[in-house]
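Geometric and topological summary
Now for the letters of each chain:
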Amino acid sequence: RDVERSRGLGDVYKRQQQFHTANVLRRIQKYMPYRTGATIKLTIAQTDTHVPEIVTDNPQARYLYYGVSKSGKPLNYTHTKNPLAGPRWDEAVMAAEGDAMAADLARYMRRMLK
């Protein structure tokens, strides 16, 4: 019985983690650079919501993330499609929407426990 119960709690945790990762992935996109959408599409394709991380594995993405070109000059982000685009998009989404994401997760958890 304890094994079944702990296994059930593990499943609940996995679903909560998947919900949260998907929520962050959805929200983070508006803070990412968008010229062609390739970086965002790559991030969506490379991120497994069963794992608690957002992945953008591409050499160019590193420059975009840190906001510095190969020559060391600061990047100027295009804000036409994503007005909030800039470097360190994970930090930007957490600063702007961290409380909202925590509230989303809390609501999700309450619904799961009913």
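For the structure, check the block above.
This section reports on the structure supplied with the text. (Residues numbered from 1 in each chain as written. Predicted model: local features only at pLDDT ≥ 70, side-chain atom pairs only at ≥ 80, totals over all residues. Heavy atoms only, no water.)

1. What about the pattern of salt bridges?
Stated precisely, the cut-off is as follows: What makes a salt bridge here is a side-chain nitrogen of Lys or Arg within 4 Å of a carboxyl oxygen of Asp or Glu, nothing more. Elements are defined by DSSP. Helices are runs of H or I of four residues or more, strands are runs of E of two residues or more, and each kind is numbered from the N terminus. Three exposure classes are used, based on accessible area relative to the maximum for each residue type with a 1.4 Å probe and protein chains only: buried under 20%, partly exposed in between, and exposed over 50%.
Inspection of every chain in the model, using the stated rule, returns five salt bridges. Glu97 is paired through a salt bridge with Arg27; the nearest N and O atoms lie 2.4 Å apart. Linking Glu97 in helix α4 (residues 89-113) with Arg27 in helix α1 (residues 2-28), this pair joins segments that are 70 residues apart in sequence. Relative accessible area serves as the criterion here: at 8%, Glu97 is assigned to the buried category. The buried category is assigned to Arg27, whose relative accessible area is 13%. A salt bridge links Arg27 to Asp104, with the nearest nitrogen and oxygen atoms 2.7 Å apart. Taken as a pair, Arg27 in helix α1 and Asp104 in helix α4 lie far apart in primary sequence, 77 residues in all.

2. A word on helix α2 (residues 38-46)
Put simply, the test is: Each C-beta atom gives one direction from the helix axis, and the arc is the one those directions make.
Taken together, the buried positions of α2 are occupied by Thr39, Ile40 and Thr43. The buried side chains of α2 occupy one side of the element, clustering within an arc of 100° when seen end-on. Of the exposed residues in α2, the ones pointing more than 90 degrees away from its buried face are Lys41 and Ala45.

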